[in-house]
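# A closer look at the structure
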Amino acid sequence: MSAHLIDGKAVARAFRQQIAQRVAGLAALGKPPGLAVIIVGDDPASQVYVKNKVAACAEVGMHSVLERYPADLSETDLLAHIARLNHDERIHGILVQLPLPKHIHADKILAAISAHKDADGFHAESLGALIQDKPGFVPCTPLGCMHLLKHAGVDPKGKHAVVVGRSNIVGKPMAMLLVNASATVTVCHSQTQDLASITCQADILIAAVGKPHFITADMVKPGAVVIDVGINRGANGLVGDVDTEAVAQVASAITPVPGGVGPMTIAMLLGNTLQAYERSS
């Protein structure tokens, strides 16, 4: 068996084209959706991420503002910048790039972003809506994974989904999205005993642990759909949490790294920003 590769680049491209068409109509009225991106410090990976996000906004015709601050910016000053953006009518979505310097409490910063401008979907109000299966902003990476499953023709209803990883950014919201889609969900983590015996039961396997090639072929059920969220920088470039080459011989479908989940994350960010605009109108 050789798994079908789920092309995240193509799916994200089609999604961005839809966003661009909708934004073009709004821009013609003189008020395009706007996204503010804040980065504190000079982490190289974060610099690349924010550059890509700003470029994506330009591609679909959104207004964007990039605010860069030194690593020694105080928490008080960062909160003041967020308060200013909360009241800026040109800005409909706000994103603070993580990680933040250690002296700044990320939870406090994320809570300070207006729930109405929560483009990342990390606000407690957004996560509460997700748990209750109510409309709201959904964290971008898990939402992108759901779009990839849909594109691959995979309906989670009635299937056993296993999520490896329990972060607030991916693992936990991913599990809730799958529960809301009527899957039976198991969440595994660092304290899980006999992990392979559980992952081998998965019809849908989501890997989000941040460890290169952590999921091997003997951990995958034949015919499973595997979504690789991991992005790890190795000697030969970017690799995922899944040993793609080996697992592709067992799975029915799999996302590559790069070119799988990554492009979807930014596409969903644009979607959340547009949703914030539409709610504010």
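Quick caveat: nothing in here was measured; it's all calculated off a predicted structure.

### Considerations on the environment of F122
- Mapped onto the fold, F122 is located in the loop between α4 (106-112) and α5 (124-131).
- With 96 residues separating them in the primary sequence, F122 and D218 have C-alpha atoms 34 Å apart.
- If we ignore the near neighbours within four places in the chain, the residues touching F122 are L98, L110, L127, P139 and I169.

### Overview of the packing of aromatic side chains
- Scanning the entire structure with this criterion turns up 0 aromatic pairs.
- Here R279 stacks its cationic end above the ring of F137, 4.4 Å away from the centre of that ring.

### Some remarks on the sheet that holds strand β5 (residues 160-164)
- Strand order across the open sheet formed by 6 strands is β1-β11-β8-β7-β5-β6, with parallel pairing between neighbours. Looking at which strands have only one partner, the edges of the open sheet turn out to be β1 (4-5) and β6 (184-188).
- Here 4 bridges tie strand β7 (residues 204-207) to strand β8 (residues 225-228), and the two strands are oriented parallel to one another. Along β8, the bridge assignment pairs L205 with V226.
- Here helix α7 (residues 171-180) sits on the sheet and contacts β5, β6 and β7; the angle it forms with β5, its principal contact strand, is near 170°.

### Brief notes about the nonpolar core
- Residues I19, M62, L149, L178, I206, I227 and V229 are the most contacted members of the largest nonpolar core, which totals 50 residues.
- When residues of this core are assigned to their parent elements, the largest contribution, 9 residues, is made by helix α10 (residues 261-280).
- Residues contacting I227, with those up to four places away along its chain left out, are I6, C145, L149, L205, I206, A207, T255 and V261.
- Of all hydrophobic cores here, the second largest spans 20 residues; its members include A3, C188, L195 and A202.

### Quick notes on unusual backbone geometry
- Cis geometry is found at the peptide bond from L98 to P99, where omega equals 5°.
- Along the polypeptide, P99 turns up in the loop between β4 (93-96) and α4.
- Its identity as a non-glycine residue notwithstanding, D133 has a phi of 55°, on the positive side.
- Among the structural elements, D133 can be located in the loop between α5 and α6 (140-151).
- One non-glycine residue, S182, lies in the positive phi region at around 70°.
- In this structure, S182 sits in the loop between α7 and β6.

### Let's talk about the sheet that holds β4
- Pairing is parallel across the open sheet formed by 3 strands, whose spatial order is β3-β2-β4. Strand pairing shows two members of the sheet lacking a second neighbour, β3 (63-69) and β4, which therefore form its edges. Across the sheet, the mean angle from the axis of one strand to that of its neighbour is 15°, orientation sign disregarded.
- As paired elements, strand β2 (residues 34-40) and β3 share 7 bridges and run parallel to each other. Of the residues in β3, the one forming a bridge with I38 is E67.

### Digging into the pairing of β6
- By the bridge criterion, 5 bridges tie β5 to β6 in an arrangement that is parallel. Looking at β6, one finds that V164 is bridged to C188.

### Some words on the pattern of salt bridges
- A complete count under the given rule lists 6 salt bridges for this structure.
- Close ionic contact of E59 with R16 constitutes a salt bridge, the shortest N to O distance being 3.0 Å. Placement of the pair is E59 in helix α2 (residues 44-60) and R16 in helix α1 (residues 8-27), with a sequence separation of 43 residues.
- Across the pair D88 and R90 runs a salt bridge whose closest N-O atoms are separated by 2.9 Å.
- Relative accessible area serves as the criterion here: at 15%, D88 is assigned to the buried category.

### Brief notes about the packing of α2 against α10
- Between α2 and α10, the shortest axis-to-axis distance is 10 Å and the interhelical angle comes to 55°. What the angle tells us is that α2 and α10 run oblique. In this structure, the crossing between α2 and α10 has a hand that is right-handed. Side by side, α2 and α10 meet where N52, K53, A56, C57 and V60 of the first sit next to I266, L269 and L270 of the second.
- Taken together, the residues of the contact of α2 with α10 break down into 6 nonpolar, 1 polar and 1 charged.

Here is what the cut-offs are and how they apply
- Residues numbered from 1 in each chain as written.
- Predicted model: local features only at pLDDT ≥ 70, side-chain atom pairs only at ≥ 80, totals over all residues.
- Heavy atoms only, no water.
- Helix = DSSP H or I, 4+ residues; strand = E, 2+ residues; numbered from the N terminus.
- Contact = heavy atoms within 4.5 Å.
- Phe/Tyr/Trp six-rings, centres within 6.5 Å; stacked < 30°, edge-to-face > 60°.
- Lys NZ or Arg CZ within 6 Å of the ring centre and 35° of its normal.
- Pairing = 2+ DSSP bridges.
- Axes fitted to C-alpha atoms, helices over the stretch in contact; angles between N-to-C directions.
- Core = buried A, V, L, I, M, F, W, Y, C linked by side-chain atoms within 4.5 Å.
- Buried < 20%, exposed > 50% of the residue type's maximum accessible area, 1.4 Å probe, protein only.
- Salt bridge = Lys/Arg side-chain N within 4 Å of Asp/Glu carboxyl O.
- Parallel < 35°, antiparallel > 145°, perpendicular 65-115°, else oblique.
- Left-handed = near helix turned anticlockwise from the far one by under 90°.
- Nonpolar A, V, L, I, M, F, W, Y, C, P; charged D, E, K, R; others polar.

So, to be careful, I would describe these as geometric facts and stop short of saying anything about function.
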